[in-house]
Amino acid sequence: MDRRTTVTVVLLLMLTLPFLGCDSSAEDTGFNDTVNEVNIHSFDSSVNMTAGEAVNLRFTLYNDSSSVKKIVVIRSVTMSDMGFGTISFNDSTILIDVEDTKETVITLRPDKYAKSGTHILSVTISVSDNNGNVSATDTFSFPVTIGSNYAAGDLYNKFMGVYPNTLPEPLDMPIVTALVSLLIWICISSAIGYGAYRVIGFKWGADIMSESRKDAKSIGKMLFCIIMLIGVSMCMKIYGASEYMTGLTTDLISVIFIIVGAIIAWDIYKILLYNIVVKLDKEDRIDDTLIPLFKMIGRIVVCVIALASIMSIFGLNLGTIVTSAGLVSLAISMGAQNTLNQFFCGLQLMATRPFRIGDKIKLGNSSDVLIVRKIRVMETEFKNWLNEEVFRVPNSTVMSAMITNITFNDDTYKIYEYVDVDYGADIDRVKEILLQVVNSHPKVVTDGSKDKPSFRFSSMEASAIRVRVSYVVTDHEISHLVSCQIREAIFRKLRSEGIKIPHNIVDVHLEE
């Protein structure tokens, strides 16, 4: 044979060799038994399962009699381990017709803390004729092997679950191995927690607010706790504690783990939020006043995830809870529409930011100027600009009204002054006087950064010419004072120039 043929033959032999070595007698033929002409069959002669997970054991019952119906009664189903869990079956009494087949199912639900190892499932049944004359009882057994995540397994009596304890007596005891491993875990947790504090605290918190440094310290402590919890769980297995004690401790540790993890996630979120808004946002594109909104959203997300994780540990069905919560929320929303409306209007108000704290605004058609003091989720607090009244307005009312923000971009404010002059007045001189008075006031913006003072021939009234002068003051806070001073100066100047300001004259005639 040539070389290519030889290689081909060798490869074929290698592929067929595993099949040639198979022993067909070793195949699992399942379980078979016969009781009073009823053949009992199951494809499983043994059961392998994991603690906390249900398994169905199916049996096929065949009535081999050609003349008599059979009644099969499941008398008892027991497990050798009393703390196994629950066992149920769909039918305790089964009537099987002549030469007919029925199926029954036994459901095994081991407890999540069930002891690992092999246990014996015993099933006792009785088979009788339909007429009750002949009866037989039999008990058959199944080996049930349970695997548990809480079992010690290969970790038993090994340092850190890796190195076997070969020390002389009495130092070779599992309690010694567990304590030494716990000390190692303390050292590891301390190193990682302190390292995290140094890295996060000095990387992110060196040149910003001290709150970030405090959050970094909190993260370091929480990391220490989390790693120690993992170490305690492992040391329980190294010691060889029972599955119940290990499982109960592990579940408690898992709850603490989730809570601590949520605290760490919250601290990291705050640090990132501060750094993005305060440090990295050099162009100031993000409004700092949005931080409370971002905090609230982050807090809700972290709490919901943590709560869902804790419920899953105790086997609660999150889908059912969410459905029930949805129905309850619907009922609550029907009775609390106004409150919910205020809440969501508050979220919208914080997100859209039509005004900020300190802004001067007008709501609706009101001419009152309001100063924004506090913005809350349910309501907004204002102070009257002209007086000292402080009042709170529901956010639903604020969002439904037209909002006029007087000082949205800056504090400057534009004013329009209307003056009536006599038809015989020199309009050019009037324009010159008005612009001269306005431009001479120190609080009027004249550098071109805002609209310069301007004059307009507004209208011709019945007995006067109405003109208008507009100007921008440096601060809305003094707009009334500046407006008063300019009107007074215009009046004095027009009078000194002999320009008349018409006014209505009323003649009153008294009749005797």
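Above this note sits the structure.
No experiment lies behind these values; they were computed from the predicted model shown.

Participant: Tell me what's going on with the sheet that holds strand 19 (residues 454–460), and back it up with residues and numbers.
Facilitator: Here 3 strands make up an open sheet; going across it, the order is 18-20-19 and the pairing antiparallel. Strands at the two margins of the open sheet, each flanked by one partner only, are strand 18 (413–421) and strand 19. Strand-to-strand twist of the sheet, defined as the mean angle between neighbouring strand axes without regard to direction, takes the value 25°. Note: strand 19 against strand 20 (residues 465–473), 6 bridges, orientation antiparallel. By the bridge assignment for strand 20, arginine 456 is matched with arginine 468.

Participant: I'd like a rundown of the pairing of strand 3 (residues 47–50), residues and numbers included.
Facilitator: Across a regular strand the side chains alternate sides, sitting on one face of the sheet and then on the other. Of the two faces of strand 3, only one is covered, namely that formed by Val47 and Met49; the face formed by Asn48 and Thr50 stays uncovered. Note that strand 3 and strand 10 (residues 135–147) share 4 bridges and pair parallel. Of the residues in strand 10, the one forming a bridge with methionine 49 is isoleucine 146.

Participant: Quick rundown of the pattern of salt bridges? Include the residues and the values.
Facilitator: One pass over the full model with this rule turns up 15 salt bridges. Residue glutamate 497 pairs with arginine 429 through a salt bridge whose shortest N-O separation is 2.7 Å. Of this pair, glutamate 497 sits in the segment after helix 10 (479–496) while arginine 429 sits in helix 9 (residues 427–439), placing them 68 residues apart in sequence. What makes glutamate 497 partly exposed here is its relative accessible area of 34%. Since its relative accessible area comes to 22%, arginine 429 is described here as partly exposed.

Participant: For the nonpolar core, give the residues involved together with the corresponding values.
Facilitator: Core analysis: the largest hydrophobic core is formed by 28 residues, its most contacted members being Ile40, Phe59, Leu121, Phe140 and Val144. Leave out the neighbours within four places in its chain, and isoleucine 40 touches Phe31, Asn32, Asp33, Val35, Phe59, Thr60, Leu61, Ile125 and Phe140. Judged by nonpolar contacts, the second largest core, of 22 residues, contains Val421, Ile433, Val473 and Ile499.

Participant: Account for a nonpolar patch on the surface, with residues named and values stated.
Facilitator: A contiguous nonpolar patch, built from Met173, Ile175, Leu179 and Tyr239 and spanning about 370 Å² of accessible area, is present on the exposed surface. One can find isoleucine 175 in helix 2 (residues 174–204).

Participant: Quick rundown of the packing of aromatic side chains? Include the residues and the values.
Facilitator: The full count for this structure, using the stated rule, is 10 aromatic pairs. Measuring from ring centre to ring centre gives 4.7 Å for phenylalanine 31 and phenylalanine 140, while their planes differ by 35°; the resulting arrangement is tilted. Here phenylalanine 31, found in strand 1 (residues 31–35), pairs with phenylalanine 140, found in strand 10; they are 109 residues apart in sequence, far enough to count as distant. The class of phenylalanine 31 is buried, set by a relative accessible area of 13%. Between tryptophan 266 and tyrosine 269 the ring centres are 5.9 Å apart and the planes differ by 20°, which places this aromatic pair in the stacked class. Of the two residues, tryptophan 266 and tyrosine 269 both sit in helix 4 (residues 243–280), 3 residues apart, roughly one turn of that helix. Taking relative accessible area as the criterion, tryptophan 266 reaches 16% and is therefore assigned buried. For tyrosine 269, a relative accessible area of 28% puts it in the partly exposed group. Chaining the aromatic ring pairs together yields one cluster made of Phe31, Phe59, Phe140 and Phe142.

What counts, and where the lines are drawn
- Residues numbered from 1 in each chain as written.
- Predicted model: local features only at pLDDT ≥ 70, side-chain atom pairs only at ≥ 80, totals over all residues.
- Heavy atoms only, no water.
- Pairing = 2+ DSSP bridges.
- Helix = DSSP H or I, 4+ residues; strand = E, 2+ residues; numbered from the N terminus.
- Axes fitted to C-alpha atoms, helices over the stretch in contact; angles between N-to-C directions.
- Buried < 20%, exposed > 50% of the residue type's maximum accessible area, 1.4 Å probe, protein only.
- Salt bridge = Lys/Arg side-chain N within 4 Å of Asp/Glu carboxyl O.
- Core = buried A, V, L, I, M, F, W, Y, C linked by side-chain atoms within 4.5 Å.
- Contact = heavy atoms within 4.5 Å.
- Patch = residues over 30% accessible without salt bridge, like charges linked within 9 Å, V, L, I, M, F, W, Y side chains within 5 Å.
- Areas by Shrake-Rupley, 256 points an atom, 1.4 Å probe, with all protein chains shown as cover.
- Phe/Tyr/Trp six-rings, centres within 6.5 Å; stacked < 30°, edge-to-face > 60°.

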